[in-house]
Amino acid sequence: MPSGYDTGNTAWMMASTAMVLLMTPGLAFFYGGMVKTKHVLVMLKMSFACLSLVTILWVAVGYSLAFGKDAGGGMIGNLDHAFFRGIGMDSLHGSIPTVIFACFQMSFAIITVALISGSIAGRATMKGWLVFVVA
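S.K.: Describe the environment of threonine 125, with residues and values.
M.R.: As for its placement among the helices and strands, threonine 125 is situated in the loop between helix H3 (98-116) and helix H4 (126-134). Sequence separation of threonine 125 and methionine 23 is 102 residues, and the distance between their C-alpha atoms is 23 Å. Here the side chain of threonine 125 touches glycine 128 through a polar contact of 3.2 Å, landing on its backbone nitrogen.

Okay, structure coming up:
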């Protein structure tokens, strides 16, 4: 293990990540209870699609753009860490492994997009929703 590694902080971040990830299915059932019967499955699919699609996008480019070194002096990072390239369990962000930090931040990216699905309940198709999530 790296010298600055802290098991307590790492365990807390892993537990926090799990709690935030559990908010997405909870949100799916909450929104499912607020819509007409014919829209319940679409609302559930929208929230669960966020889990898979945002995870793929976060690993592919999201983490690198959000937390990579600034590209050209701007506020958007470069793609040095695309697909978690160069990030392993031996690299640290503070006193926790960078992978766990990235997963914690990813959980908030997932719930943020899933929250938006409530505003379009019964108004959008699944195909349109997936295009919005990618955008």
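Still more ground to cover, so stick around.
S.K.: Which residues make up the environment of alanine 60, and what values go with them?
M.R.: With respect to the helices, strands and loops of the structure, alanine 60 is situated in helix H2 (residues 40-67). Given the relative accessible area of 12%, alanine 60 is considered buried. In sequence terms alanine 60 and histidine 81 are 21 residues apart; their C-alpha atoms lie 8.6 Å from each other. With near-sequence residues (within four places) excluded, alanine 60 lies in contact with Ala82 and Phe83.

S.K.: Can you explain the state of the cysteines? Please cite residues and give values.
M.R.: Should the sulfur atoms of two cysteines be covalently bonded, the bond is a disulfide. For the coordinates displayed, the defined rule picks out 0 disulfides. Free cysteine: cysteine 50, not disulfide-bonded; nearest cysteine sulfur from cysteine 103 at 17 Å. On the basis of relative accessible area, cysteine 103 is assigned to the partly exposed category, the value being 28%.

Analysis parameters
Residues numbered from 1 in each chain as written. Predicted model: local features only at pLDDT ≥ 70, side-chain atom pairs only at ≥ 80, totals over all residues. Heavy atoms only, no water. Helix = DSSP H or I, 4+ residues; strand = E, 2+ residues; numbered from the N terminus. Polar contact = N/O pair within 3.5 Å; in protein donor to acceptor, adjacent residues only side chain to side chain. Buried < 20%, exposed > 50% of the residue type's maximum accessible area, 1.4 Å probe, protein only. Contact = heavy atoms within 4.5 Å. Disulfide = S-S within 2.5 Å.

So, to be careful, I would describe these as geometric facts and stop short of saying anything about function.
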